[in-house]
Structures are given as C-alpha cells and as structure tokens.
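Examining the three-dimensional arrangement
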Amino acid sequence: MLTPEAYRDTVAETLASLRLSGVNPGACWGPDGWSNTQGQLIASLDPSNASSLASVSGAAGDDYETVLQQAHRSFELWRMVPAPERGALIRRIGDALRQHKDALGTLVTLETGKIKQEGDGEVQEMIDIIDLAVGQARMLYGKTMHSERPNHRMYEQWHPIGVVGVITAFNFPVAVWSWNAFIAAVTGNTVVWKPSPKTPLCAIAVQHICNRVMEKQGYPGIFSLLVEGPGQTELANRLVNDPRIALMSFTGSTAVGRRIGERVASRMGKVLLELSGNNAVIVDDTADLDLATPAIVFGSVGTAGQRCTTTRRLFVHTEIYDELITRLVDAYGQIRIGDPLDPDVLMGPLIDADAKQRFLDAVAELRRLGGDVLCGGAGVDRPGYFVQPTLCTADNGWDLVQRETFGPLLYAVRFDSLETAIAMQNNVKQGLSSSLFTNDLRNAELFLSHNGSDCGIANINIGTSGAEIGGAFGGEKETGGGREAGSDAWQAYMRRQTNTVNWGRDLPLAQGIEFQLPAANPRLR
Ligand code: NAD
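Residues numbered from 1 in each chain as written. Predicted model: local features only at pLDDT ≥ 70, side-chain atom pairs only at ≥ 80, totals over all residues. Heavy atoms only, no water.

**Looking at the overall build of the protein**
Within the protein, the secondary structure is distributed over 15 helices and 21 strands. Here the C-alpha atoms of the protein give a radius of gyration of 25 Å, agreeing with the 24 Å that 2.2 N^0.38 yields for 525 residues. The buried share of the protein, taken over its 525 residues, is 56%. A sequence separation of at least 24 residues applies to 74% of the contacts in the protein between residues at least 6 apart. For the protein, the accessible area works out to roughly 22300 Å², and carbon and sulfur atoms hold 51% of it. (Helix = DSSP H or I, 4+ residues; strand = E, 2+ residues; numbered from the N terminus. Rg over C-alpha atoms; globule rule 2.2 N^0.38 Å. Buried < 20%, exposed > 50% of the residue type's maximum accessible area, 1.4 Å probe, protein only. Contact = heavy atoms within 4.5 Å. Areas by Shrake-Rupley, 256 points an atom, 1.4 Å probe, with all protein chains shown as cover.)

Written as structure tokens, this is what we have:
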C-alpha cells in the first residue's frame, strides 16, 4: 500500500502528465476549444478513500450548442476525407495512447477503483480497437448484386451517418467510448461524448490526447465532450432528443437505456444500446475444475463485480457441487482487498456509497429469503467503499436473482440435467454473456445450438467476462441488442445505400413491368 505522501505524488504526477488541473473545463469542441463557463463544480472522487482527485466545471446550455455546431461543421469536412486517411489520424491517437498507457491506466484506477492491471487493460483495449479501426478503414465493403435487367449494375455502398452521440457508464470510463468513437471516426463521423459524472477526469484526459493529435493533423472537432454532474441529465436529454444526432449510442443500465431507446425511436433516430447483464456460468459433471475455478472467481470478483459481463449466477451439476463450492470458498478467501494501485491487491472498492449500500441491501434480502452466505457478505471497515466478495446459495426464480446487483455477489444453484441448467440460465430478462465448462462435446454443442444459450455471448471453458476486441460485443433481450467492437459492428455507424446504374440504351423495368409512353406503345396511341 502507498504511503499518504506516495499516493499524493502519484495523483499529482498522473494528473500533470495527462494535462489535468485542479479544476477542469467540462466542455470541449476540439483543439483549443475548451469552454470557460463556470458550471456546476463536479468533484471526482477516488472510491478507495473517498478523497477528491480534482474537479470539473460542468458544461452549460451554451456549450451544448457550440459543441453540436462544431461537430456538425467538422462532419461536413471529415466525411469527404478518404477512409484510409481517417484511419491514419486514429493510428496516431493509438501512438499517443501507447505513450500514455501507464498514466491513463492509473487514472482509470484512481477514478473507478478497479485494480491497476485492469486500468491498464482498459487502455490496452482502446489501443486494440484502434488497430481494428485502422484496418477497418480499408475494409468498408459493400456488396455487388447481379441485376435482373440487362446492362444494369447494382451494388450497395456505405456512407458516413453524421454526428454520433455517445453516453457511457462509469465502469469502463475510456474503453467503451473508444469502441464507439474510433469506429465512428474511421467511418466518417464526428463524435460527441457525454461520460459518466462519476468518471469525468478520464474523459477529459482522453479529450486532451485526441486534441493534440487532431491539432497536429489539422482536423478540428472530430471528437468533443460534454460533462454534466451527478443527477444532471439536461445535456444528455438534449443529445437524445436532438435530430442532429444521427446515431445515439448508450451504454448503461436497462432502466435508463429503455427510456433513451424510446425517445430516439420516437424521432426516428438510430440507437445502439449496451445495457445491463445477468450472466451465468454452468459447470457440468465433466468440467475441468482447474479451469472453471479461476474463471468463475475472475468473472465474479474482477472489477469488484462491476462489469456488465460479471458472473452473477453459477449453475453447478450436483455431482461436483460440493467440490467446486469448496474450491471457490477457498479461492474467495485468498482475494486481497484494498488499495487498487497495490500490485498484490485483486479487488478494489465499489464506485460509491450508494453502490455499497445496494450491495449490503441485496445480501440482507438474500438472507431474508433463506439463502446461505457461504463466504463474504459484509462491508469492509475502512475508508472508501469496500465490500467482501460474496458467494451464496439462492433460487434462480427469486426477484433478487433476476436483477443485476452491481457488485461481487455470486448466486450458486444446483442442477441435475444440462437442459434444466440452460433453461434457468435463459430464464432472466437480460441476455448478455454466458459460459459452459465441460469436457463433453455433446454438451458444448447443445449449449451453442438453437436450443442453447440465448445470450449475445456464449463461451465454452472460459468465463463470462473479459471479451476481446474483434468479436461483436453485446446482448439480447433487455441488454438492448446492440453490437460493438468487432465483426460487422461498423455498419451501425454508417448509412447503407443501394445503387442501380443503367449503362444501356433501354429502360427495362424490374419484375418485367411494361410501362411505355404513348409515343412508344401503339396500344396507347
Ligand atoms: P447508468 O444507467 O446509471 O448511467 C449511464 C449513463 O447514463 C451515465 O453517463 C449517466 O450520467 C447517464 N444517465 C443517467 N440517467 C440518465 C437519463 N435519465 N437520461 C440520459 N442519461 C442518463 O449506469 P452506470 O451505473 O453508470 O453503469 C452501470 C450499468 O451499465 C450496469 O447496468 C451495467 O451492466 C451497464 N453496462 C453495460 C455495458 C454493456 O456493454 N452492455 C457496459 C458497461 C456497463
């Protein structure tokens, strides 16, 4: 653990190397385009000790218009820049992120409380999506079709869509924005970001990094920023309702995402939703417990259970139930909780006092319902918002288990047949991530079949969290249906156009329809 002096030095060095000050402006529309309005002062707190890292002066209504107008002007220029050249700008941001990986990773740790390994991992994820985006810039493929009409050529092409609004959650304060922003940028769009009020410094640091590259390359306003304070939703709502926002990408809770989805749909805008999960691991009687045990622990305890893909439910075959539970209780007992900058610590705090209280309320509800707490179940008595990683027994049908409690709380349930386990796994409203641990080929294929997992992500012999860039990430049902970060997810950031070109001397109609003017058709003369 750092001494108080070493901690103060780390904070000061991290802020300085990322160009952050004691008070930072909360709106930016590109290089040198920082707001000087004195908005609501938002304190950024370190959840591991509840101390203030720095403040942000929240964006105001005038800033909103400035940001939107600049983003729109920039879009009109940027969309005509050849896509590989757009990729070159993003590649330079990747170079800058590589240089700042350690400092930005530390800031992610300071502002979210996730351990430094995971803070750095988030920045690595930004770099990985940049590598993907740079290549994607040369692969914005459209299909060609064979026309039924002679001397006609038919094909589809993809055009930039416009200004993309991105609203993000606290738990991935830089990676989730980058999944959206870098793919949106190489596809010819500009991006306005409204980050979580719990992690505003991460957003401002990223904006500084992007500004320097935009300035050097002479492209203003590709990326811009609007920060508003806790409980404030005026600017977020303006983005959601603004017809100038062609695509609204939202990552956060289902409760908020549902309202945003409805409002964007009512103005016929496009929306991309990445919402809550309630993810499960199934362990059958053939599973390799040496694989399953660490995967379950990382899935349920990593990021203190504050990932959308966190393992929340565990279905264990009755034959191996006792052995696996014994191993898990032992592994949970070895989790070092504490200062997330300490390399020996595996679990940091929850994000704030409310999150801690929700966790404690969930454990109390579990006990009232008759669930057994097998280990953990309490808060940790130290400054900051620490709780114990908790493993308990529960019933899949309980309302508590059907909800996402955003903390390290894992519900264990026994099963006798895989079909029953899959049915229980699917029997929730969310549909993000799922895993089966098995050495039985038939079981693996059943889990991945039409009769298997109904989630957007289904894994064999790896856990529910820790997805890598390249695959389309997202979930079904109340997780929102969005896909980001790989495969054909780039298409969401573009508009598709079908083109038919007649290079002949006649005008044949599709479906063989005859429609000749009187001069050409003797019957109509
Ligand atoms: P949240 O829904 O409280 O907040 C998300 C964002 O929405 C924040 O920027 C917040 O300021 C903003 N917001 C809040 N109320 C709003 C309103 N009425 N109108 C417009 N914007 C509003 O979520 P959170 O607590 O920051 O994040 C945790 C949630 O996010 C969890 O449910 C988690 O599963 C989910 N999440 C999902 C994914 C995914 O990819 N599926 C990734 C990360 C987090």
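Here the narrative resumes, following the displayed structure.
**Considerations on the domain arrangement of the protein**
According to the domain assignment, the protein consists of domain 1 (25-275 + 484-493) and domain 2 (279-469). The straight-line distance from the C-alpha centre of domain 1 to that of domain 2 is 31 Å. Between domain 1 and domain 2, the residue contacts involve 25 residues of the former and 22 residues of the latter. With both chains or domains summed, domain 1 and domain 2 bury close to 1900 Å², and 66% of this area falls on carbon and sulfur atoms. A per-residue breakdown of the area domain 1 buries against domain 2 is headed by Pro47, Ile115 and Glu118, which together make up 25% of the total. Run the count over domain 1 and domain 2 and you get two salt bridges. We note a salt bridge from Asp352 to Lys198, for which the minimum N-O separation is 3.5 Å. Summed over the shared surface of domain 1 and domain 2, the result is five residue pairs in polar contact (both at pLDDT 80 or more). Of all elements in the fold, only helix H4 (101-112) and helix H5 (116-136) reach the threshold of two or more residues within the side of domain 1 that touches domain 2. No other element matches H5, which puts six residues into the side of domain 1 that touches domain 2. (Domains from an automatic or database assignment. Buried area = accessible area lost by both parts, 1.4 Å probe. Salt bridge = Lys/Arg side-chain N within 4 Å of Asp/Glu carboxyl O. Polar contact = N/O pair within 3.5 Å; in protein donor to acceptor, adjacent residues only side chain to side chain.)

**Some details on the pattern of salt bridges**
With the rule as written, the count across this model stands at 21 salt bridges. In this structure, the salt-bridge partner of Arg336 is Asp342, at a minimum N-O distance of 3.7 Å. Residue classification places Arg336 among the partly exposed residues on the basis of a relative accessible area of 42%. Classification of Asp342 by relative accessible area gives buried; the value is 10%.

**So, the sheet that holds strand S1 (residues 23-25)**
Ordered in space as S1-S4-S3, the three strands form an open sheet in which the pairing is mixed. Pairing within the sheet leaves two strands with one partner each, and these edge strands are S1 and strand S3 (41-46). Ignoring strand direction, the axes of neighbouring strands in this sheet form an average angle of 30°. Pairing analysis gives three bridges linking S1 to strand S4 (residues 51-57), with the strands arranged parallel. Each bridged residue has a counterpart across the sheet, and for Val23 the counterpart in S4 is Ser55. Each of S3 and S4 is contacted by H4, which is oriented at about 100° to S3, the strand it contacts most. (Pairing = 2+ DSSP bridges. Axes fitted to C-alpha atoms, helices over the stretch in contact; angles between N-to-C directions.)

**A word on H4**
Compared with the 16 Å implied by 1.5 Å per residue over twelve residues, the 16 Å span of H4 between its first and last C-alpha is a close match. Looking at H4, one finds that the buried residues are Ala103, Leu104, Gly105, Thr106, Leu107, Val108, Thr109, Leu110, Glu111 and Thr112. Among the structural elements, helix H1 (4-17), S3, S4, helix H3 (83-99), H5 and helix H7 (200-217) are those in contact with the buried residues of H4. One or two positions beyond H4, positive phi appears at Gly113, with a value near 85°. (Expected span 1.5 Å × (residues − 1).)

**Quick word on the environment of Ala280**
If you trace the backbone, Ala280 turns up in strand S12 (residues 279-283). Contact partners of Ala280, with chain neighbours within four places excluded, come to Arg313, Phe315, Gln425, Ser433, Ser434, Ser435 and Thr464.

**Focus: unusual backbone geometry**
For Ala50, which is not glycine, the phi dihedral falls at a positive 65°. Here Ala50 shows up in the loop between S3 and S4. The backbone phi angle of Thr303 is positive, close to 55°, even though this residue is not glycine.

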